[in-house]
Amino acid sequence: MDIKRNVLLNPGPSTTTDTVKLAQIVPDICPREKEFADIMAPMRDDLVRIVHGDTKEYTAVLFCGSGTICIDIALNSLLDAGKKALIINNGAYSQRACDICSYYGMPLIEQKQPLDEKPDLQKIEDTLKENPDIGYVYVTYHETGTGLLNPVREIGALAHRYGAFLITDTTSAYAMIPINVYDDNIDFCMASAQKGIMGMTGLSYIIGRRDIIERSKSFPKRSYYCNLYMQYEYFEKTGEMHFTPPVQTIYAARQALKEYFEEGEDAKWARHRRVMNAIRKGIDELNLHEALRREVQSGLVAAIDYPEDPNWDFAKIHDYCYERGFTIYPGKIDGRGGFRLCALGAIDEQDIVDFWKVFKEALESAGVKVPVR
Ligand SMILES: *Cc1c(COP(=O)(O)O)cnc(C)c1O
């Protein structure tokens, strides 16, 4: 089968290999068969292994849904009665976490921090000191809207010092940036199959400490469908998801995980860095301007300001690139026009070299002066 290859430079879903795409084509199967549970059991362990957890202490709980389902589930399931959530809000994804807590009417301390700089750790420590009833601290590992990398290790250490645990949304870092739940002081993290592992959409997972999940059995239940303990317990008892799983996506994820371990953590991260270096090279050559200093970036997302040229038209540039197999993506910083180039997925340096050629042609055909101002 010949499948057209597109290079996705949007922040997920990512470009996938053909072997992952084709892994979805399987004989029909009822997911309540043991054969299907036997696929998910090693998958859960593999997902823990990616962040170097011991499967006796950490577990992966799978859900059918996009990445946001894990933000929702982790936040609403892990807050005990009489406890408050502390959310470090420095980007669109942590804003989403705040919105989720508000929807549930959960007691929340929202700590706003700058969008383009590392958060102030002293402020976080002061808040923890003043509020001994904080149950967990929540921080986005990598703010995909801007590319900001948060100091999760340091924030996790603070949370632990003050008796709270740490939840981090690693959706746009997991299986890309090497993460170690012990060194990085992570009690819960999460991701989605269409991002780091380069699988298909529809499967997401929370990876976290079994002892806390067990404890959460007695925490207030805020959702029926989106509850961590319920899904965990069902997996432990039956090896299955409580409700219908995304069957084909799980077959693709199995293949994606196989390819992840074949490539290896270090080689994969080196490839992502190679891709980002090629992205940055083009940014510099075209004199484009990034929203964030490179020192505070994850190295997986470049948030680029729109050029100040009367002929710049994002839709036109996007369409020109899209028709040639390259997808670029709008920015996510309020009040600031920009677009993003992301180093996710099954792509390499040469794809970016090819992309910049097309992008430059797009600028020229739109009448944008190159290099830009
Ligand atoms: C992609 C992403 C998500 C999930 O988004 P969905 O559209 O629900 O898949 C969550 N958090 C971060 C940081 C992300 O980059």
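Calculation criteria
Residues numbered from 1 in each chain as written. Predicted model: local features only at pLDDT ≥ 70, side-chain atom pairs only at ≥ 80, totals over all residues. Heavy atoms only, no water. Pairing = 2+ DSSP bridges. Helix = DSSP H or I, 4+ residues; strand = E, 2+ residues; numbered from the N terminus. Contact = heavy atoms within 4.5 Å. Axes fitted to C-alpha atoms, helices over the stretch in contact; angles between N-to-C directions. Near = heavy atom within 4 Å. Polar contact = N/O pair within 3.5 Å; in protein donor to acceptor, adjacent residues only side chain to side chain. Areas by Shrake-Rupley, 256 points an atom, 1.4 Å probe, with all protein chains shown as cover. Phe/Tyr/Trp six-rings, centres within 6.5 Å; stacked < 30°, edge-to-face > 60°. Buried < 20%, exposed > 50% of the residue type's maximum accessible area, 1.4 Å probe, protein only. Lys NZ or Arg CZ within 6 Å of the ring centre and 35° of its normal. Expected span 1.5 Å × (residues − 1). Core = buried A, V, L, I, M, F, W, Y, C linked by side-chain atoms within 4.5 Å. Domains from an automatic or database assignment. Buried area = accessible area lost by both parts, 1.4 Å probe. Salt bridge = Lys/Arg side-chain N within 4 Å of Asp/Glu carboxyl O.

**Student:** How do you make sense of the sheet that holds strand β13 (residues 329–330) when you look at a structure like this?
**Tutor:** Picture the strands of a sheet paired through backbone hydrogen bonds; they go either parallel or antiparallel. Judged by pairing direction, the sheet is antiparallel, and its three strands sit side by side in the order β11-β14-β13 without closing on themselves. Each of the sheet's edge strands pairs with one partner strand only, and the pair in question is β11 (301–305) and β13. Strands β11 and β14 (338–342) of the sheet are contacted by helix α10 (residues 265–285), whose axis makes an angle of about 15° with β11.

**Student:** Would you mind showing me how to read the site of the ligand here?
**Tutor:** Close to the ligand lie 14 residues; Ser 66, Thr 68, Thr 144, Asp 169 and Lys 195 are nearest. A distance of 2.9 Å separates an oxygen atom of the ligand from a polar backbone atom of Gly 67. Thr 68 is positioned with one of its side-chain polar atoms (N or O) 2.5 Å from an oxygen atom of the ligand. Expressed as a share of its isolated accessible area of 390 Å², the protein-covered part of the ligand is 86%.

**Student:** Quick question: what am I supposed to make of the packing of aromatic side chains here?
**Tutor:** Aromatic ring pairs are reported here in terms of the distance separating the ring centres and the angle at which the planes meet. As enumerated under the stated definition, the model contains 18 aromatic pairs in all. Both rings, one in Tyr 58 and one in Tyr 182, keep their centres 5.5 Å apart while their planes meet at 85°; by these two values the pair is edge-to-face. With Tyr 58 in strand β2 (residues 58–64) and Tyr 182 in the loop between β8 (165–169) and β9 (188–192), the pair connects residues that are 124 residues apart, well separated along the chain. Given a relative accessible area of 5%, Tyr 58 falls into the buried group. These aromatic residues form a ring-pair network of at least three members: Tyr 306, Trp 312, Phe 314, Phe 326, Phe 339, Phe 355, Trp 356 and Phe 359. In this structure, Arg 49 is placed above the aromatic ring of Phe 261, and the distance from its NZ or CZ to the ring centre is 4.2 Å. Taking NZ or CZ as reference, Arg 324 lies 3.5 Å from the ring centre of Tyr 320, over its face.

**Student:** Would you mind going over helix α9 (residues 247–263) with me for this structure?
**Tutor:** What sets the pattern is the α-helix's 3.6 residues per turn: residues three or four places apart point alike. Here α9 spans 25 Å end to end across 17 residues, near enough to the 24 Å set by a 1.5 Å rise per residue. Listed as buried for α9 are Val 247, Thr 249, Ile 250, Tyr 251, Ala 252, Ala 253, Gln 255, Ala 256, Leu 257, Glu 259 and Tyr 260. Packed against the buried residues of α9 are α1 (18–22), α2 (34–50), β10 (203–209) and α10. Looking one or two places after α9, you find Gly 264, whose phi comes out positive at around 95°.

**Student:** How should the side chain of Glu 290 be read in this particular structure?
**Tutor:** Residue position: Glu 290 is located in the loop between α10 and β11. Residue classification places Glu 290 among the buried positions, given a relative accessible area of 10%. Of note is the side chain of Glu 290, whose polar atom sits 2.7 Å from the side chain of Arg 294. Excluding residues within four positions of it along the chain, Glu 290 makes contact with Ile 283, Gln 297, Ala 302, Ala 303, Ile 304, Asp 305 and Arg 336.

**Student:** Help me out: how do you make sense of the pairing of strand β5 (residues 134–140) in this one?
**Tutor:** Across a regular strand the side chains alternate sides, sitting on one face of the sheet and then on the other. With seven of its seven residues buried, β5 lies for the most part within the structure. Here β5 runs beside β8; their pairing, made up of five bridges, is parallel. Within β8, the position partnered with Tyr 138 by the bridge is Ile 167.

**Student:** Could you clarify how one ought to interpret the sheet that holds β10 in this entry?
**Tutor:** What the seven strands build is an open sheet, ordered β2-β10-β9-β8-β5-β3-β4; its pairing is mixed. On the outer flanks of this sheet lie β2 and β4 (108–112), each paired with one strand and no other. Within the sheet, the average angular offset between the axes of one strand and its neighbour, ignoring direction, is 20°. Bridge count between strand β3 (residues 84–89) and β5: four bridges; the pairing is parallel. Within β5, the residue paired with Leu 86 across the bridge is Val 137. Seen against the sheet, helix α5 (residues 121–130) touches β3, β4 and β5 and runs at an angle of roughly 160° to β4.

**Student:** Can you walk me through the nonpolar core in this structure?
**Tutor:** It is characteristic of soluble globular proteins that their nonpolar side chains tend to be buried jointly. Among the nonpolar cores identified, the biggest contains 121 residues, and Tyr 136 and Phe 359 are the most heavily contacted of them. Mapping this core onto the domain boundaries places at least three of its residues in each of domain 1 (24–262) and domain 2 (264–366). Residues contacting Tyr 136, with those up to four places away along its chain left out, are Leu 75, Leu 78, Leu 79, Lys 84, Ala 85, Leu 86, Cys 101, Met 106, Ala 164, Phe 165 and Ile 167. Formed by six residues, the second largest nonpolar core is a distinct cluster that contains Leu 148, Ala 291, Ala 303 and Ile 333.

**Student:** For this particular structure, what's the right way to read the domain arrangement of the chain?
**Tutor:** How big an interface is tends to be reported as the loss of accessible area on association of its parts. Domain annotation of the chain identifies domain 1 (24–262) and domain 2 (264–366). Placing the centre of domain 1 and that of domain 2 at their C-alpha centroids yields a distance of 28 Å. Contact residues are listed per partner, giving 29 residues for domain 1 and 20 residues for domain 2. A per-residue breakdown of the area domain 1 buries against domain 2 is headed by Thr 146, Met 176 and Met 198, which together make up 26% of the total. Put simply, domain 1 and domain 2 have one salt bridge between them. Note that Glu 117 is salt-bridged to Arg 293, the shortest N-O span being 2.7 Å. The interface formed by domain 1 and domain 2 includes nine residue pairs in polar contact (both at pLDDT 80 or more). Taken together, the elements giving at least two residues each to the side of domain 1 that touches domain 2 come down to α4 (92–103), β7 (148–149) and α9.

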